[in-house]
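Structural overview for review
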Amino acid sequence: PTGAERPRRWPCGGGCSVGHCHPLVVQAAHEQNQVLNTNSRYLHDNIVDYAQRLSETLPEKLCVFYFLNSGSEANDLALRLARQYTGHWDVVVLDHAYHGHLSSLIDISPYKFRGLDGQKEWVHVAPLPDTYRGPYREDHPNPAVAYASEVKRVVSSVQEKGRKIAAFFAESLPSVGGQIIPPAGYFPEVAEHVRRAGGVFVADEIQVGFGRVGKHFWAFQLQGEDFVPDIVTMGKSIGNGHPVACVATTQAVARAFEATGVEYFNTFGGSPVSCAVGLAVLDVLEKEQLQAHAACVGSFLMELLGQQKAKHPIIGDIRGVGLFVGVDLIKDKATRTPATEEADYLVSRLKENYILLSTDGPGRNVLKFKPPMCFSLDNAQHVVAKLDAILTDMEEKMRSCETLRLQPEAALLSPPLGECALLLVLGDPELGSLPSAVAPSFQTFCL
């Protein structure tokens, strides 16, 4: 649509948590740009106000804030903080994890390093706490303790080699690993093992924080009110598309970092405009009650998807909380073999209907739903109806993966762009993965 027909906001992924070009966020950036935008060496009210507002959402212990431009910068700084505070070097991470694109973060991201230079000797990988595909599944009496014991085993192995743990890094809800919901109680158990070894716990909230889980503002809070990480990193959604990120930590960690005598300086991290945008996003979250909205719509979406699971045997598992949902597609219920090709075909068919979904997980078979928090009940019904129709068609016409592979490339391309009415982007599709005829449409609607 154009002109008066164009909706005020499109549901759009890629970090636009409160909706593409939300007018209040756009206005805040524009007005601050007209007044002052300078580097962060000079103090201004916005950075103080923003730190104060963020502190009100976090446990009291997390009261020192470093502002940056991206989630990768935030995780890199978290690694530096952990090493300086502990005096140790090694890191424990979860299998299939992704924490950023910098060299230091590729080193602690099994999702990346296995296809590049391999695992460094100071990086140690623990099993992903996946109760659907992992070694301890839904029928285990206490998967939280079982998976935490795997971390303890890794830590002990490290110590036996004479090495020392600086940090345990984990997304509060592992996303690239397949939209995983760690069993309740897992993080507190892990933190106990890691801290006993002299390390700190880093919660990566870059993809999952800021009210997305509905029940809480931060996803790590799903693990219990008493659980508090030593360091929390945030990005993506906190700027609604604007490049802003943050690291929150304790006074003790921050003082150890300051004791080096080398100041941390980031030219545009925490700039007046970035902080104005961050404050506006918090205002929108509160004014439009988007955290409660995420809980409501997320529950409705899970219910609709549950109905599809009962109808379509290809759906092996549906897991999620709030507007963080994964649909695990399988070839066989007994073996739970990932339906990788079917998932790829389904995603391509959804593109024909202007719905952009991505897949995640080691098998690239988990449909990931991480829409902006303005995603509505009507949006949920629309997406699931299209999903149902395509799965039904696949069941009637596509009898094997071989059949799917035989589909001509033209069938995977979208209709003419002039017919495009709405793109729903659920997740973070990369432009490079889109058919060439779809990419211009994506660029047009998701600037």
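For clarity, every value in this text was computed on a predicted model and none was experimentally measured. (Residues numbered from 1 in each chain as written. Predicted model: local features only at pLDDT ≥ 70, side-chain atom pairs only at ≥ 80, totals over all residues. Heavy atoms only, no water.)

A few words now on the overall build of the protein chain. Of regular secondary structure, the protein chain possesses 14 helices and 12 strands. When each of the 447 residues of the protein chain is scored for burial, the buried share is 57%. Sequence-distant contacts, at least 24 apart, represent 73% of the contacts inside the protein chain between residues at least 6 apart. Accessible area of the protein chain: about 18900 Å², with a carbon and sulfur share of 51%. (Helix = DSSP H or I, 4+ residues; strand = E, 2+ residues; numbered from the N terminus. Buried < 20%, exposed > 50% of the residue type's maximum accessible area, 1.4 Å probe, protein only. Contact = heavy atoms within 4.5 Å. Areas by Shrake-Rupley, 256 points an atom, 1.4 Å probe, with all protein chains shown as cover.)

A few words now on the packing of aromatic side chains. Describing an aromatic ring pair means giving the distance of the ring centres and the angle of the ring planes. Applying the stated criterion across every chain yields a total of 15 aromatic pairs. Judged by centre distance (5.4 Å) and plane angle (20°), the rings of Y50 and F67 are stacked. Of the two residues, Y50 is situated in helix α2 (residues 45-55) and F67 in strand β1 (residues 64-68); the sequence distance between them amounts to 17 residues. Each ring, one from W89 and one from W122, has its centre 6.4 Å from the other, and the planes form 70°; the classification is edge-to-face. Remark: W122 occurs in the loop between α5 (110-113) and β3 (123-126) and W89 occurs in the loop between α3 (71-86) and β2 (90-94); sequence separation between them is 33 residues. (Phe/Tyr/Trp six-rings, centres within 6.5 Å; stacked < 30°, edge-to-face > 60°.)

Our next topic: helix α1 (residues 23-35). The terminal C-alpha atoms of α1 lie 18 Å apart, and with 13 residues this matches the ideal 18 Å at 1.5 Å per residue to within 8%. Those residues of α1 not exposed but buried are V25, A28, A29 and Q32. Mapping the buried residues of α1 onto a view down its axis gives an arc of 95°, with all of them on the same face. Residues of α1 that are buried sit in contact with α2 and α9 (272-287). (Expected span 1.5 Å × (residues − 1). Arc of directions from axis to C-beta.)

Our focus in this paragraph is the layout of surface pockets. Considered as a void within the structure, the second largest pocket measures approximately 540 Å³ in volume. Lining the second largest pocket are 22 residues, with S40, I47, F65, Y66 and Y264 sitting closest to its centre. Its residues assigned to classes, the lining of the second largest pocket comprises 14 nonpolar, 5 polar and 3 charged. (1 Å grid on protein atoms, 1.4 Å probe; cavity = no way out; pocket = protein on both sides within 12 Å on 5 of 7 lines; lining within 4 Å. Points joined across faces, edges and corners; volume = space filled by probe spheres on them. Nonpolar A, V, L, I, M, F, W, Y, C, P; charged D, E, K, R; others polar.)

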